[in-house]
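Notes for the structure review
The chain contents come next:
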Amino acid sequence: MHVLVLGAGQLARMMSLAGAPLNVEISAFDVASENIVHPLTQTVIGQGLTSAIARADVITAEFEHIPHPILDECEQSGKFLPTTEAIKAGGDRRIEKALLDNAKVRNAKYYVINNRTDFDAAIQHVGLPMVLKSALGGYDGKGQWRLKDPAQVDTIWDEMAQCIDATPNQAIVAEEFVPFHREVSLVGARGKDGSVVVYPLAENVHTDGVLSLSTAIDETALQAQAKQMFTAVANSLDYVGVLALEFFDLDGELLVNEIAPRVHNSGHWTQQGAETCQFENHLRAVCGLPLGSTALIRPTAMLNILGEDTLPESVLAEAGCHVHWYGKEKRAGRKMGHINVCASTPDALMNKLHALSQQLDSDAFPALKR
Ligand code: ATP
Ligand code: MG
Ligand code: MG
């Protein structure tokens, strides 16, 4: 099987690594340059969407901010999975919110803002404090504002108006501020036959809007609630592939923050912590193969490596530590790789993370500072 991935970043790279044992070959399509590249070496192996589509058996995506004409051409080939509708929802918070409402899945109260009058209506409808997010193009907490005090309204409106004017079809989605006590996410897969498997929930720590630490957790009641919401969303889209749901945990009641119609950073721990990793399960799903077991094999956490391209060798020498570099050029705050940390018990895992915090530069691992 030959799978074409829209996007040529680390997620396509890790799909390629996971596909090799199953004889699933990956090529990646760089949406900006329209180059077809080898996902491990970034070597250019072809050019243009039409030729990329022609050589593929299946087409999928590693990110959601894809121009709609590209998605539409892929859709017409009949080869695209999970569904272009899901990718469009992941890339536009207006579509995403409507989808969650449709699937009757709890999410934060919201209001769509296109102009200043809407902003005033949003303040009435949603109330303060509120979180304001650009409808298009947001990731890693970029394109967001926090409105706490009515005195901030004019300043924030000036910035939001600039954002709306800068991009065609842009809008702002106002959301009630959710006083969550933690954030969790559920990664799972839906097969062509409608079967659904989910991994254990991950508890996530974000630092300045960027995921820094994900830890697989074992909480039966929360897991059941999350799986029900996952299944409702996946079924409503007739989804095929790996899907991630990010949640706010409000003392045991989950609200969906957002969806990611793809393999997800909070599922990287599955490479060492689950029977079948998320990358393999995504490929199994889109290739029409049976889904693999999502069982936890040992307590595992994932630490993102932010803005750093070297690590002390002691980390590689540490049992249970697995380093994954993405081969990307170093930039401040950029996701350069991750470390999966495994141990035999949850307590031993906490101890191992603590021991790592003594060896690692805290700028690259902000979650370990605490
Ligand atoms: P990602 O990289 O996960 O796609 P994003 O830019 O799409 O990020 P969100 O996940 O919507 O952004 O928001 C980033 C973070 O901001 C959340 O993980 C959460 O910590 C906080 N946040 C977002 N929305 C709210 C809200 N309504 N109430 C409280 N905190 C929020
Ligand atoms: Mg997002
Ligand atoms: Mg998010």
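Here, residues in each chain are numbered from 1, in the same order as that chain's written sequence. Think of it this way: whatever chain is written first is A, whatever ligand is written first is 1, and the rest follow in order. Reporting in this predicted model follows two pLDDT cut-offs: at least 70 for local features of residues, and 80 or more for side-chain atom pairs to be given and counted; totals over whole chains, interfaces and linings ignore these cut-offs and use all residues. Remark: hydrogens and water are excluded; side-chain values derive from all non-hydrogen atoms of the structure.

Let us look at the pairing of strand β16 (residues 300-306). A 1.4 Å probe rolled over the protein chains alone gives each residue an accessible area, and that area as a share of the maximum for its type sets the label: buried under 20%, exposed over 50%, partly exposed in between. Runs of E in the DSSP output that reach at least two residues are strands. Runs of H or I that reach at least four are helices, and both are numbered from the N terminus. Judged by how many residues are buried, β16 sits mostly within the fold: 7 of 7 residues are covered. A pair of strands is labelled paired if DSSP reports no fewer than 2 bridges between them. Sheet analysis places β16 next to strand β18 (residues 335-342), joined by 7 bridges and oriented antiparallel. The partner of Met302 across the bridge, within β18, is Asn340.

To continue, consider the confidence of the model for the protein chain. Known as pLDDT, the predictor's confidence for each residue is given on a scale from 0 to 100. Of all residues in the protein chain, 100% attain a pLDDT of 70 or more, and the chain-wide mean is 97. As scored by the predictor, the complex reaches a pTM of 0.97 and an ipTM of 0.99.

Water is not part of the atom set, so a site may look incomplete; the donors themselves are N, O and S atoms within 2.8 Å of the metal, or 3.2 Å for Na, K and Ca. At the metal site, the magnesium ion (ligand 2) is ligated by Glu258 (OE) and Glu258 (OE), and these contacts range over 2.2 to 2.3 Å. Between the magnesium ion (ligand 2) and the magnesium ion (ligand 3), a separation of 3.9 Å is found, and both are coordinated by Glu258.

All right, on to the site of ligand 1 then. Close to ligand 1 lie 21 residues; Lys133, Asp140, Gly141, Val178 and Glu183 are nearest. Polar contacts, as used here, are pairs of N or O atoms within 3.5 Å; protein pairs need one atom able to donate a hydrogen and one able to accept it. Residues neighboring in sequence count only if both atoms are side-chain atoms. The contact in question runs from an oxygen atom of ligand 1 to an N or O atom on the side chain of Gln144, over 2.9 Å. Interatomic distance of 2.8 Å between a backbone N/O atom of Val178 and a nitrogen atom of ligand 1. Only the protein chains shown count as cover for residues, and all accessible areas are computed by the Shrake-Rupley method using a 1.4 Å probe. The protein chains hide 92% of the 610 Å² of surface that ligand 1 would expose on its own. When contributions to the shell around ligand 1 are tallied by element, the ones reaching two or more residues are β7 (130-134), β8 (144-147), β9 (172-176), β14 (241-250) and β15 (253-260). Each residue is assigned to one class: nonpolar for Ala, Val, Leu, Ile, Met, Phe, Trp, Tyr, Cys and Pro, charged for Asp, Glu, Lys and Arg, and polar for all the others, Gly among them. Of the residues that constitute the shell around ligand 1, the class distribution is 6 nonpolar, 5 polar and 10 charged. Note that the domain bounds reflect an automated or database-derived domain assignment. Three or more residues apiece are contributed to the shell around ligand 1 by two domains, here domain 2 (109-176) and domain 3 (182-369). Any residue with a heavy atom lying within 4 Å of a molecule or strand is counted as near it.

The subject of this paragraph is the sheet that holds β9. Ordered by their spatial adjacency, 4 strands build an open sheet running β6-β9-β7-β8, and the pairing between neighbours is antiparallel. Edge positions in the open sheet fall to β6 (110-113) and β8, since each of these has one partner strand only. The sheet shows a mean angle of 20 degrees between the axes of neighbouring strands, direction not considered. One ladder, built from 4 bridges, connects β7 with β8; its direction is antiparallel. In the sheet register, Val131 faces β8, and the bridge partner there is Arg146. Packed on one face of the sheet, helix α5 (residues 93-102) meets β6, β7, β8 and β9 and runs near 150 degrees to β6. Here a residue-residue contact requires only that any non-hydrogen atoms of the pair lie within 4.5 Å. Lines are fitted to the C-alpha atoms to define the axes, a helix being fitted only along its stretch in contact, and any angle between axes, read from their N-to-C directions, falls within 0 to 180 degrees. Helix α6 (residues 116-126) contacts β6, β7, β8 and β9 of the sheet and is inclined by roughly 175 degrees relative to β6.

The next subject is the packing of helix α1 (residues 10-19) against helix α10 (residues 278-286). One way to put it is that α1 packs onto α10 with a least axis distance of 8 Å and a crossing angle of 75 degrees. When the axis of α1 is compared with that of α10, the two are roughly perpendicular. Together, Leu11, Met14, Met15, Ala18 and Gly19 of α1 and Phe279, Glu280, His282 and Leu283 of α10 make up the contact between the two elements. Each residue belonging to the contact of α1 with α10 can be placed in one class, and the counts come to 6 nonpolar, 2 polar and 1 charged. Note that the term roughly parallel is reserved for angles under 35 degrees, roughly antiparallel for angles over 145, roughly perpendicular for angles of 65 to 115, and oblique for everything else.

So, about α6. Among the residues of α6, those classed as buried are Asp118, Phe119, Ala122 and Val126. When α6 is viewed along its axis, its buried side chains cluster within an angular range of 105 degrees and face the same direction. Turned more than 90 degrees from where α6 packs its buried face, Thr117 and Gln124 sit exposed. Each element contacted by the buried residues of α6 is listed here: β6, β7, β8, α7 (153-166) and β9. In this structure Asn115 caps α6, since a side-chain oxygen of it lies 3.2 Å from the backbone nitrogen of Thr117. One or two residues past the end of α6 sits Gly127, with phi positive at roughly 85 degrees. Throughout, the arc means the angular range of directions from the helix axis out to the C-beta atoms.

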